[in-house]
Amino acid sequence: MGTDTTENGATENSTDKNKVENGMAESNNWVCVLEDSSQLKPLQIMEWVESNPAAGRPPKEVVVWRSESGEVCAMEPRCPHQWSHLGNEGLVVGEEMICVTHFWAFEKNGCGWKENEAGRRDRKSDIEVFPCKEEDGGIFVQL
Ligand code: FES
C-alpha cells in the first residue's frame, strides 16, 4: 500500500485511490441507513440522505436497493447520463438498477450498460457504488 502526495500537499493512500478510480468509494465511516433490513424487500429502492452534514457541505445521499436474489446495493443517486434521480427514475430489474429515463442499466458493481432493440448491450458510463452490508438486523453503507 503506497501513499501519494497531492498538489495541495495532502496525502492519499494509493489503495483508496484505486478503489475510487474503479468506482468503489471507501472510508471507515459505516452508516446505518435502515435499522430493520427486512423493510427493504427484493426489487425495492430506498433513498437515504444524511440528516446532519458538516457545516458548509451538502448532505451525503445514496439510493439503496435490493436485487431480486436478495442482495443489497448502495449507489450514487444520480444517473451519470443526464442526472436523473434513481430514487424517482430507478427500477430494479433482476440484479440491475435501470434508469427509466433512457434505460441505462447498472450492475451491482456500478458497471453501466445500454441494451439496444436487437438485444446488444453496449458499455456506458459507470456509477459510483458504496460498500454495503446487512448486519445486526440493519443495512449499513460505508460512505
Ligand atoms: S438519465 Fe439515466 S439513462 Fe438517461
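Keep in mind the model is a prediction, meaning the values are calculated, not measured.

With that settled, consider the sheet that holds strand β13 (residues 132–135). Paired through backbone hydrogen bonds, the strands of a sheet run either parallel or antiparallel to each other. If you walk across this open sheet you meet the three strands as β3-β14-β13, and the pairing is antiparallel. With one partner strand each, in any of the chains shown, β3 (30–34) and β13 form the two edges of the open sheet. Averaged over neighbouring strand pairs, the angle between their axes works out to 35 degrees when direction is ignored.

Let us now look at the pairing of strand β5 (residues 61–66). In terms of residue burial, β5 counts as a mostly covered element, since five of its six residues are buried. For strand β4 (residues 45–49) and β5, the ladder comprises five bridges, and the chain directions are antiparallel. Opposite I45, over in β5, you have W65 as the bridge partner. In this structure, β5 lies alongside strand β6 (residues 72–75), joined through four bridges in antiparallel fashion.

This paragraph deals with the sheet that holds strand β11 (residues 121–124). Across the sheet, which stays open at both edges, the five strands sit in the order β7-β8-β9-β10-β11 with antiparallel pairing between neighbours. Pairing within the sheet leaves two strands with one partner each, and these edge strands are β7 (90–93) and β11. For this sheet, the mean angle separating the axes of adjacent strands, direction not counted, is 35 degrees.

How each quantity is defined
- Residues numbered from 1 in each chain as written.
- Predicted model: local features only at pLDDT ≥ 70, side-chain atom pairs only at ≥ 80, totals over all residues.
- Pairing = 2+ DSSP bridges.
- Helix = DSSP H or I, 4+ residues; strand = E, 2+ residues; numbered from the N terminus.
- Axes fitted to C-alpha atoms, helices over the stretch in contact; angles between N-to-C directions.
- Buried ≥ 20, exposed ≤ 12 C-beta atoms within 10 Å, placed from the backbone.

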